There are 2 protein chains.
Amino acid sequence: MNALSSSARPRRQRPSIYDVAERAGVSHMTVSRVLNGHPNIRESTRERVKAAIDELSYTPSSIARALATNRAMRIGVLVDTPVQYGPNSTLRALESAARTAGYAISSFSMSPDEESGIDAGVVDLVTQGVDALCVIAPRLSSLDVLRKHATGLPTLVVKAEPDPHMHTAAVDQHAGARLATSHLIELGHRRILHIAGPLDWFDARAREQSWREELIAAGLEAIPPTIGDWTSDFGYEVGRFHDLGDATAVFAANDQMALGLIHGLTERGIRVPEDISVVGFDDLPDARHFLPPLTTVRQDFAELGALTLRLIIEAIEGDEGTEHEMIQPTLIVRESTAPPRR
Amino acid sequence: MNALSSSARPRRQRPSIYDVAERAGVSHMTVSRVLNGHPNIRESTRERVKAAIDELSYTPSSIARALATNRAMRIGVLVDTPVQYGPNSTLRALESAARTAGYAISSFSMSPDEESGIDAGVVDLVTQGVDALCVIAPRLSSLDVLRKHATGLPTLVVKAEPDPHMHTAAVDQHAGARLATSHLIELGHRRILHIAGPLDWFDARAREQSWREELIAAGLEAIPPTIGDWTSDFGYEVGRFHDLGDATAVFAANDQMALGLIHGLTERGIRVPEDISVVGFDDLPDARHFLPPLTTVRQDFAELGALTLRLIIEAIEGDEGTEHEMIQPTLIVRESTAPPRR
DNA sequence: TGCGTTGACGTTAGCGCTCACGCTGCGGCG
DNA sequence: CGCCGCAGCGTGAGCGCTAACGTCAACGCA
């Protein structure tokens, strides 16, 4: 220790492990061992140390620990448009799961309007010294960036298709879209439109693709989908102004576009579900109070967060190969769907 | 430097400042100076160092820097129920503002269902070594906990009333509630109900109080408000089952309760706005597509985030007294309000 | 009695930085 | 011509921890 130990430590900052040690009459190393639950510590000393710890109300510095162990116990999360319900919920669930596992989260949000791209995010998080990277709701282009950067960190992407180069976890988007589409088919609909999300999003692609496949499997025609941007504004435009032909049902790629769609249709005098049935995707907490209450596909984000974290930790510790796991969504039938009248 | 410098550094981890120094043929200190933009570096050496930096694609370790400077460049944010639009937007805006100022964010979410209270959050963030604390959308009880813990860190609370002990910033909730209420009064309504948020939330209290005051100032009676929980489910209950007396208008403390309320009213055969006008609070991105599109009070969360960050940084650097600043909300009139028919 | 073993600690070095110095050479000035 | 001063670097030490050893009694066992 240094010379001015017992008396004047310069500024009364947070107490260090040495302060605790001195107070308990042991070496700093013993304190460290107590903190980390090592064996071979006499019960009496352990208690002395613990007493000193809360007399000083000492908290270990995770910064110093990170420097010494080269493990920050921190996971970096890149998340696209976290104002959206899905990404935000996933992030929250992940944060909660991470905390119980002793990990902290650093999230880097990318808005479409900000020009701070995924590159900047990766650099930012690497600088922060995270132990792993997780990407939520990525665009196709994100993966190229990730591959190019080659951080050397374990990386997991939340997407519904496996990837040869990274770990993946997701709610099964394909199954969800099939659920929605087959529900409409079973009700008797033959002309089923789709309002897709931006097709540079994996989730949007998956939903569009499985909608199409389900229609074809039923011997129905897949009219080219309308490509939206996830917003209720866009759904409104479609409902208000687009030519819907002889369609009797619409599968919207998320609840917000479904909401806007219903608004637009209603203004035009088209009733839901009497004239047109509408299915959404996500099950927003408010979807049950839309007018009419929305039939939609529910994703269990809490479970997704837990699953994601589990895979990330496996990747940090083991790092054998690339894993892929999925969670099954469920269909929630409410009042925005009905059999067609014609 | 240590003996095995030039050849075998044990494991090819991230390069350190010494690797850069060696490659540029200077001392580590010179590299540090270049990194921090110190003067008194010859232009030629600066360039050599910069070249070495991106040949090695070196990124400084913010962990080591934090340990050395005792400044983590990190702000800890405690946020209540971040699935809600308001708190989530504030958090995002704060994150974005913080990043451009060179700060990172550690957020600790408290859900009502998790028992991880604010105490746990404070300890967690202090352990992470944050430079300041920020509390978003707090309950009354949170402040007691904060005061009790006495972290010694600069602390800012997002609430509409000044506090003698901490910095505060907020959207002016009182002004917002007055805006909503006076709008209804000006339309000619005399019996104006209020569905409040949980009264242990500062924001809920402020809105309730100013609704009341505005009514009294206009010589109207303030019927005791219904106390809700922010959810559309609750709004639905009220709309569907509560006795509304001879009220012709309702001011809901947030958009979600307004949405549920309209749903409930509609099911009961009460039309909005013909029979009852409804005003919300928040201006959710989807509120313009509710049926009918919702009249509501908009809060500029981006500006709030920027303001909050500015005050926090002032607190970290200066720390004189406690400041309080507010942002003004605006009323967005849409179709859920109209003059009463009687 | 001698010696290995083990429990219960202490000592030292080092993680990647920054801070406070120390040192050198060169220009200027009395 | 001597000396001061400053630009332009380099040298330690130390931030709060942990990993890897060292140490030293007590104990067991042949």
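The model shown is predicted, which means the values in this text are computed figures rather than measured ones.

Take the pairing of strand β5 (residues 167-171) of chain B next. Consecutive residues of a regular strand have side chains that alternate between opposite faces of the sheet. Residue and element names in this part refer to chain B. Of all five residues making up β5, five are buried, and the element is well covered by its neighbours. Neither face of β5 is left uncovered, since the one carrying H167, A169 and V171 and the one carrying T168 and A170 both have all their residues buried. Where strand β4 (residues 155-158) lies against β5, three bridges are found, and the strand directions are parallel. Counted as the bridge partner of V158 is A169 from β5. Bridge count between β5 and strand β11 (residues 324-327): four bridges; the pairing is parallel.

So, on to the domain arrangement of chain A. Residues and elements named next belong to chain A. Per the domain assignment, the segments of chain A are domain 1 (17-60), domain 2 (72-171 + 301-326) and domain 3 (173-299). Domain 2 and domain 3 are separated by 29 Å when their C-alpha centres are compared. Each side of the interface is counted separately: domain 2 has 14 residues, and domain 3 has 12 residues. For the side of domain 2 that touches domain 3, the elements supplying multiple residues, two or more each, are α5 (85-100), α7 (140-149), β5 (167-171) and α12 (301-317). Per-class residue counts for the side of domain 2 that touches domain 3 are nine nonpolar, three polar and two charged.

Sheets are built from strands paired through backbone hydrogen bonds, the pairs being either parallel or antiparallel. Residue and element names in this part refer to chain B. Spatially, β7-β6-β8-β9 is the arrangement adopted by the four strands of the open sheet, whose pairing is parallel. The open sheet terminates on both sides in strands that have one partner only, identified here as β7 (226-227) and β9 (277-279). Pairing analysis gives four bridges linking strand β6 (residues 192-196) to strand β8 (residues 249-252), with the strands arranged parallel. Pairing of L193 across the sheet is with V250, part of β8.

The subject of this paragraph is unusual backbone geometry. In this structure, the amide linkage connecting L291(A) to the following residue, P292(A), adopts the cis form with an omega of -5°. Inspection of the secondary structure puts P292(A) in the loop between β9 (277-279) and β10 (296-298). Positive phi outside glycine occurs at N40(A), with the angle close to 60°. Examined against the element boundaries, N40(A) turns out to sit in the loop between α2 (28-35) and α3 (43-55). With a phi close to 60°, N70(B) is a non-glycine residue in the positive phi region. One can find N70(B) in the loop between α4 (62-69) and β1 (74-80). The class for N70(B) is partly exposed, based on 13 C-beta atoms found within 10 Å.

With that out of the way, let us pick up the protein's contact with DNA strand D. Surveying the vicinity of DNA strand D reveals 26 residues, the closest of which are I17(A), S32(A), A68(A), S27(B) and R42(B). Put simply, the parts of the chain that give the surface near DNA strand D at least two residues each are α2 and α4 (62-69) of chain A together with α2 (28-35) and α4 of chain B. The element contributing the most residues to the surface near DNA strand D is α4(A), with five residues. Of the residues belonging to the surface near DNA strand D, the class tally is 12 nonpolar, 12 polar and two charged.

The next thing to look at is the sheet that holds β4(B). Residue and element names in this part refer to chain B. Pairing in this open sheet of six strands is parallel, and the strands run β2-β1-β3-β4-β5-β11 from one edge to the other. The open sheet has two edge strands with one neighbour each: β2 (104-110) and β11. When strand polarity is set aside, the average angle formed by the axes of neighbouring strands in this sheet is 20°.

Facing the 38 residues of chain B at the interface are 38 residues of chain A. Of all the elements in the fold, those that place two or more residues in the side of chain B that touches chain A are α4, α5 (85-100), β2, α6 (118-127), α10 (232-241) and α11 (255-268) of chain B. The residue makeup of the side of chain B that touches chain A, split by class, is 15 nonpolar, 19 polar and four charged.

In this section: the protein's contact with DNA strand C. Neighbouring DNA strand C are 26 residues; S27(A), R42(A), I17(B), S32(B) and A68(B) lie closest to it. For the surface near DNA strand C, the secondary-structure elements that each account for two or more residues are α2 and α4 of chain A together with α2 and α4 of chain B. Of the residues forming the surface near DNA strand C, the biggest block, five residues, is contributed by α4(B). Of the residues belonging to the surface near DNA strand C, the class tally is 12 nonpolar, 12 polar and two charged.

Relative to chain A, chain B is turned by 180° and slid 0.0 Å along the rotation axis, the superposed coordinates differing by an RMSD of 0.1 Å. Taken together, the rotation and translation describe the operation of a two-fold axis. Interface overlap between copies is the fraction of interface residues in one copy that are interface residues in the other; for chain B against chain A it reaches 100%, indicating a shared surface.

Turning our eyes to something else, we now look at helix α3 (residues 43-55) of chain B. Residue and element names in this part refer to chain B. A rise of 1.5 Å per residue sets the reference length of α3, with its 13 residues, at 18 Å; its end C-alpha atoms lie 18 Å apart and thus fit the reference within 8%. What α3 keeps buried is the set V49, A52 and I53. In an axial view of α3, the angular spread of the buried residues amounts to 105°, which keeps them on one side of the axis. Structural note: α3 exposes E43, S44, D54 and E55 on the side pointing more than 90 degrees away from its buried face. The elements touched by buried residues of α3 are α1 (17-24) and α2.

Reading guide: rules and limits
Residues numbered from 1 in each chain as written. Chains lettered and ligands numbered in written order. Predicted model: local features only at pLDDT ≥ 70, side-chain atom pairs only at ≥ 80, totals over all residues. Buried ≥ 20, exposed ≤ 12 C-beta atoms within 10 Å, placed from the backbone. Helix = DSSP H or I, 4+ residues; strand = E, 2+ residues; numbered from the N terminus. Pairing = 2+ DSSP bridges. Domains from an automatic or database assignment. Contact = placed C-beta atoms within 7 Å. Nonpolar A, V, L, I, M, F, W, Y, C, P; charged D, E, K, R; others polar. Near = placed C-beta within 6 Å. Axes fitted to C-alpha atoms, helices over the stretch in contact; angles between N-to-C directions. Least-squares fit on C-alpha atoms with pLDDT ≥ 70 in both. Expected span 1.5 Å × (residues − 1). Arc of directions from axis to C-beta.

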